[in-house]
Every structure is written in structure tokens, then in C-alpha cells.
Amino acid sequence: GENVEQHPSTLSVQEGDSAVIKCTYSDSASNYFPWYKQELGKRPQLIIDIRSNVGEKKDQRIAVTLNKTAKHFSLHITETQPEDSAVYFCAATASGGSYIPTFGRGTSLIVHP
Amino acid sequence: GAGVSQTPSNKVTEKGKYVELRCDPISGHTALYWYRQSLGQGPEFLIYFQGTGAADDSGLPNDRFFAVRPEGSVSTLKIQRTERGDSAVYLCASSRDRVTDTQYFGPGTRLTVL
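Described below are features of the structure shown in this document. All of these numbers come straight from a predicted model, not from anything done at the bench.

## Focus: the state of the cysteines
Taken as a whole and judged by the stated rule, the model has 2 disulfides over all chains. A disulfide bridge connects cysteine 23 of chain A with cysteine 90 of chain A, and the sulfur atoms are separated by 1.9 Å. The sign of the S-S torsion, about -100 degrees, decides the handedness of the disulfide formed by cysteine 23 of chain A and cysteine 90 of chain A: left-handed. Taken together, the residues span a long stretch of sequence, with cysteine 23 of chain A in strand β3 (residues 19–25) and cysteine 90 of chain A in strand β9 (residues 86–94) at a distance of 67 residues. In this pair, the class of cysteine 23 of chain A matches that of cysteine 90 of chain A, namely buried. The residue that forms a disulfide with cysteine 23 of chain B is cysteine 92 of chain B, at a sulfur-sulfur distance of 1.8 Å. On the sign convention where negative is left-handed, the bridge of cysteine 23 of chain B and cysteine 92 of chain B, at about -65 degrees about the S-S bond, is left-handed. Pair noted here: cysteine 23 of chain B is in strand β3 (residues 19–24) and cysteine 92 of chain B is in strand β9 (residues 88–95), with a separation of 69 residues, a long-range link.

Below you can see the structure in the form of C-alpha cells.
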């Protein structure tokens, strides 16, 4: 089955800095890669996703890049703000079968004011 | 419109008891997923429904766990003879259909087995 590795487990930055979270996956059939933000005690919320037919997608301060050859994808947050502090999860989903995403273990992002 | 809802938000039970957790997906979403999330971990897949049928139940840890979705909308996750290791947050998610893939999560049910 799919295996997703996510790094780092914890990331501490100063307000205004950029933050980068990286994930690797093992199943070359995976073609959909969502990123979720989960605040303490809240539900995971989709913040951005990318499909394998594109290499980059951007939404305001958030961007995701995908390297299919190397089987890794990354989340980039620019101009971080304290409200960006949360746990971020990446996931990889293969189109064949049941569209079940495999999640990474999460990155706790702390943005210091 | 209304998002995914789950009840109860918290459930405390004793070892050996039976529990039911409910999920109300977004109206019109045919796909429904159950996950389990332990502290410091990402969501772990349990079961996926497409309509009324379980399309994939490979994530259910053992036969104490069972889920239904009789009318293709509300789903119930049932856990028999609960064990302390079952303590976790149980998340439900729904998506419009398998092609879309984007999943919307509910707030979860925090299950504590004493």
C-alpha cells in the first residue's frame, strides 16, 4: 500500500517568515495530494490540493509543488502569521481503487509573533 | 450549506461496552469515510462507503468494528466489546463522489474507554 512520510514533525518560525513542509510518497499511482490544516481540537480542513497533471498550485500565501519523478510534494506558506499555527497533514491518493488517502503523521507549525 | 456533523462529540464508556458513533454527511455526497485519529498522528483510514455499500473496509482493525449506511446518507460506526486501545478521535468525512476526491471532515467523536 501507499506510504507517506512527512517532515519536519515540528516547525517553529517567526511571524513573516516562510514555512516549508515536505512529504514523500511511495505509490507511483497516486495522483491526488491534499493538504489539511488542523487546529487544536478541531476538524482537519482542506487548505490546498494538487493533482498529478500539474507541478505547482498557488492560493494567496499558500502554494504546493509536486515532483512526480521524485515522488515528493511540498507545502509552502509565505508571510506566516500567528493564526497559521496548527498541525498540517499531507495525504496521497491513488485513482485506482477506492480513493482512500494515506496521511502523513503531521507537522506542528508554530508561528511566533 | 451544512457541513459534516458527528454525534456525540464525546463518548466515555467502560471496557467491554458497545458504542455507536453517528455521522451525517453533506447532503448529496455519495462517498463517506471513517477515520481514526490518535494523539499526534494523522487520520487512519477505517472504511469507505459509496452510496449504501462499503466499497472498502480494509482499514477496520478487527471484527469488533462494523459500520453501516443503510440509506446512503447517515452512517453509524459500531464498536463491540470496547477496549482501552480503541480510545481515539473518530473522524467522518464525505465527498461528492469518488472522482472529485476532495473530502470534508466532521468535527469528530472523542471516544474514551476506561
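Next comes the rest of the account.
## Structural notes on the sheet that holds β3 of chain B
Residues and elements named next belong to chain B. Pairing is antiparallel across the open sheet formed by 4 strands, whose spatial order is β1-β3-β8-β7. Every other strand in the sheet has two partners, leaving β1 (5–7) and β7 (65–68) as the edge strands with one partner each. Direction aside, neighbouring strands of the sheet carry axes that sit 15 degrees apart on average. Where β7 lies against strand β8 (residues 75–79), 4 bridges are found, and the strand directions are antiparallel. Bridging from a neighbouring strand, phenylalanine 66 pairs with lysine 78 of β8.

## Re unusual backbone geometry
In this chain, histidine 7 of chain A is followed by proline 8 of chain A through a cis amide linkage whose omega measures -5 degrees. Tracing the chain through its elements places proline 8 of chain A in the loop between β1 (4–7) and β2 (10–14). Geometrically, the link from threonine 7 of chain B to proline 8 of chain B is a cis peptide bond, its omega value of -10 degrees lying close to zero. Within the element layout of this structure, proline 8 of chain B appears in the loop between β1 and β2 (10–13).

Conventions used here
- Residues numbered from 1 in each chain as written.
- Chains lettered and ligands numbered in written order.
- Predicted model: local features only at pLDDT ≥ 70, side-chain atom pairs only at ≥ 80, totals over all residues.
- Heavy atoms only, no water.
- Disulfide = S-S within 2.5 Å.
- Helix = DSSP H or I, 4+ residues; strand = E, 2+ residues; numbered from the N terminus.
- Buried < 20%, exposed > 50% of the residue type's maximum accessible area, 1.4 Å probe, protein only.
- Pairing = 2+ DSSP bridges.
- Axes fitted to C-alpha atoms, helices over the stretch in contact; angles between N-to-C directions.

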